[in-house]
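Structural description and commentary
The residues making up each chain are set out below.
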Amino acid sequence: MSAQPARNSTREWQALDRAHVHPFTDHAQLHKVGPRVITKAEGTHLIDSEGVKLLDAFAGLWCVNVGYGRKSIAEVAYKQLLELPYYNTFFKTTHPPVAELSRILIDMTPKQFNHVFYGQSGSDANDTIVRMVRSYWNLKKQPKKKTIIARTNGYHGSTMVAASLGGMSYMHELADLPLPGFVHIRQPYWYGEGGDMTPDAFGKLCAQALEDKIQELGPENIAAFIGEPIQGAGGVIIPPQTYWPEIQKICKKHDILLIADEVICGFGRTGHWFASEYYGIEADFMTLAKGITSGYIPLSAIMVGDRVADVLGAMGDFAHGFTYSGHPVACAVAIENIRIMNDEKLVDRVKNETGPYLAKRMQEFLDHPLVGEVRNLGLMGAIELVKDKKTRKTFDPVGDTGTICRDHCFKLGLVMRATRDTMLISPPLTWTKADIDEWAGLTKQALDLTAKEVGKA
Ligand code: PXG
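The structure reproduced in this document is the subject of the present report.

1. Description of the pattern of salt bridges
Taken as a whole, this structure holds 18 salt bridges when the rule is applied. Close ionic contact of R375 with E384 constitutes a salt bridge, the shortest N to O distance being 2.9 Å. In this structure, the salt-bridge partner of K444 is D448, at a minimum N-O distance of 2.8 Å. Taken together, the residues span about one helical turn, with K444 and D448 both in helix α17 (residues 433-453) at a distance of four residues. Salt bridges here are not isolated pairs; linked through shared partners, they connect D255, D284 and R307.

2. Focus: the side chain of Q231
With respect to the helices, strands and loops of the structure, Q231 is situated in the loop between β7 (222-227) and α11 (243-253). One polar contact links the side chain of Q231 to the main-chain carbonyl oxygen of N153, over a distance of 3.2 Å. A distance of 2.9 Å separates polar atoms of two side chains, one belonging to Q231 and the other to Q187.

3. Concerning helix α14 (residues 328-343)
Taking 1.5 Å of rise per residue, 16 residues should cover 22 Å, and α14 covers 22 Å from first to last C-alpha, within 8% of that figure. Burial within α14 is extensive, with 12 of its 16 residues counted as buried. Taken together, the buried positions of α14 are P328, V329, A330, C331, A332, V333, A334, E336, N337, I338, I340 and M341. Just beyond α14, the residue with positive phi is K345, at close to 50°.

4. Details of the site of the ligand
Lining the immediate surroundings of the ligand are 16 residues, of which W62, G122, S123, D261 and R417 lie closest. Here S123 contributes a side-chain N or O atom positioned 2.5 Å from an oxygen atom of the ligand. At a separation of 2.7 Å, a nitrogen atom of the ligand approaches a polar side-chain atom of D261. Taken by itself the ligand offers 540 Å² of open surface, and the protein chains cover 86% of this. Ranked by the residues each element gives to the shell around the ligand, the list is headed by helix α6 (residues 122-139), at three residues. Tallied by class, residues from the shell around the ligand come to six nonpolar, six polar and four charged. Counting residues domain by domain, the shell around the ligand receives three or more from each of domain 1 (43-66 + 345-453) and domain 2 (72-343).

5. Points about unusual backbone geometry
Each neighbour pair has its own omega, and for L177 with P178 the value is 0°, a cis peptide bond. With respect to the helices and strands, the residue P178 is situated in the loop between α8 (169-174) and β6 (182-185). Looking along the chain, the bond that leaves D396 and enters P397 is cis, with omega of -5°. Although it is not a glycine, V236 adopts a positive phi angle of roughly 45°. On the secondary structure map, V236 appears in the loop between β7 and α11.

6. Describing the packing of aromatic side chains
Between two aromatic rings, the relevant description is the distance of the centres plus the angle of the planes. Taken as a whole, this structure holds 12 aromatic pairs when the rule is applied. Each ring, one from F58 and one from W62, has its centre 4.6 Å from the other, and the planes form 55°; the classification is tilted. Side by side, F58 and W62 carry an identical accessibility label, which is buried. Taken together, the ring pairs in this structure connect Y86, Y87 and Y324 into an aromatic cluster. The ring of W190 has R392 lying over it, and the distance from NZ or CZ to the ring centre is 4.5 Å.

Conventions and cut-offs
- Throughout, a residue's number is its position along its own chain's written sequence, starting from 1.
- For a predicted model such as this one, the threshold for reporting local features is a pLDDT of at least 70, and the threshold for listing and counting side-chain atom pairs is 80 or more; totals across whole chains, interfaces and linings nevertheless cover every residue.
- Note that the side-chain values use all heavy atoms of the structure and ignore hydrogens as well as water.
- Salt bridges are defined by distance alone: a side-chain nitrogen of Lys or Arg within 4 Å of a carboxyl oxygen of Asp or Glu.
- By definition, any uninterrupted DSSP run of H or I lasting at least four residues is a helix, any uninterrupted run of E lasting at least two residues is a strand, and each is numbered from the N terminus.
- Whenever a nitrogen or oxygen atom comes within 3.5 Å of another N or O atom, the pair is scored as a polar contact, on the condition that within protein one atom can donate a hydrogen and the other can accept it, and that pairs from neighbouring residues in sequence are kept only if both atoms are in side chains.
- To estimate the expected span of a helix, count its residues, drop one, and scale the result by 1.5 Å.
- Partly exposed describes any residue whose relative accessible area lies between the buried limit of under 20% and the exposed limit of over 50%, with all areas from a 1.4 Å probe on protein chains only and scaled to the type maximum.
- Only a single heavy atom is needed: when it lies within 4 Å of a molecule or strand, its residue is near that molecule or strand.
- The protein chains shown are the only cover counted for residues, whose accessible areas, like all others here, come from Shrake-Rupley with a 1.4 Å probe.
- Under this grouping Gly is polar, as are all residues other than the nonpolar Ala, Val, Leu, Ile, Met, Phe, Trp, Tyr, Cys and Pro and the charged Asp, Glu, Lys and Arg.
- Domain delimitation follows an automatic or database domain assignment.
- Pairing of aromatic side chains here covers Phe, Tyr and the six-membered ring of Trp, requires ring centres within 6.5 Å, and sorts the geometry by plane angle: under 30 degrees stacked, over 60 edge-to-face, intermediate tilted.
- Criterion for a charge above a ring: Arg CZ or Lys NZ at most 6 Å from the ring centre, at most 35 degrees from the ring normal.

Rendered as structure tokens:
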């Protein structure tokens, strides 16, 4: 059999996909309609196997920060593949790309981070952090400190440990999760759960849930708290400003490690290199993936704070690592990706130009009969679709309206993601005001068609 079978029809690819592939998919639905086959991408657009062009308002899966079709990234990968396609970083060896990327990451992340560990995905990075957290407390002679507190509706990945950290009940059901030692507190979702409270009061209430859980289980048993600065997959849930300072205080008070999962928020998505800077989070670990290579090749990195690194570093052999930890091609791609972001000042542009412009265009949707709330930070935003704007009453069942709207977007040539009945946007950071205008026009049409379909026009 040849390595690359020459197939060229949508139907053949769909049949192969149906028979053999597919993460995170409703299989019954997929079999009915067949997958869309994406064959190419350029700049801000995808092209499918029928030649249809789609505006990608989701940057792949929250990751293609520098946009598609970057020749310089392809060239760097090609050169690295010829020079040193693979070597490991085990047994006292290293190579230039991993050494250089480490220096860059340490220089660009908050000052407490002077050590990096590499993986392939956000999931294995979070798994690794849990191993480090447990090792840390064992070495500190506090072996009872094992429980990790996370949030309902948080997302941290799909391995057994990462899905246990996550607070998605439908993921827990799949495999009897969470594993022992992982507990969850409420999320700071003001629009959905804040009722008549002010956002600030609600933010404090949600942080108090951490204090309550610590008291319930005993501070001597709590190892760490993990959170995404802004929840991504859970629906772009932007916490009230009072939330993170309180969480930080509570972690300090009870000597609990703090993990900021920046897999989505990191690398400029919020208009800051890392959302931890924006919220003043002083984390002990930062999980990085996605935007670190703009998704061109898999890579994740864990930034390990000095407090933990000093203890782990003294233990001798930390018996943990992956074949592809610090893969030279992935590291070379990450270096080029970060160079592009710096040279094109993408983070400043999101903060000062496109983020505020997206906010302005999103505000216009507030007049729409379906739209209860819009929110964004930088180029990460959400539009809440509700049955009753006044009472924030949701549709019943929740989820159908979001799916209808997402399907209309697709038909109009726009890729958006729906979580429940919330439409999410997270485009490449290269988007211009003109791209935002194109998005706003298509979104308005999709919202109108959805309103008609659900009887709200
Ligand atoms: N942490 C966060 C905050 C994430 O968003 C992961 C960890 C896991 O990364 P990997 O590379 O193992 O997938 C993620 C991933 C969605 C969706 O539907 C989001 C993610 C992955 C797949 C789908 O929004 N985020």
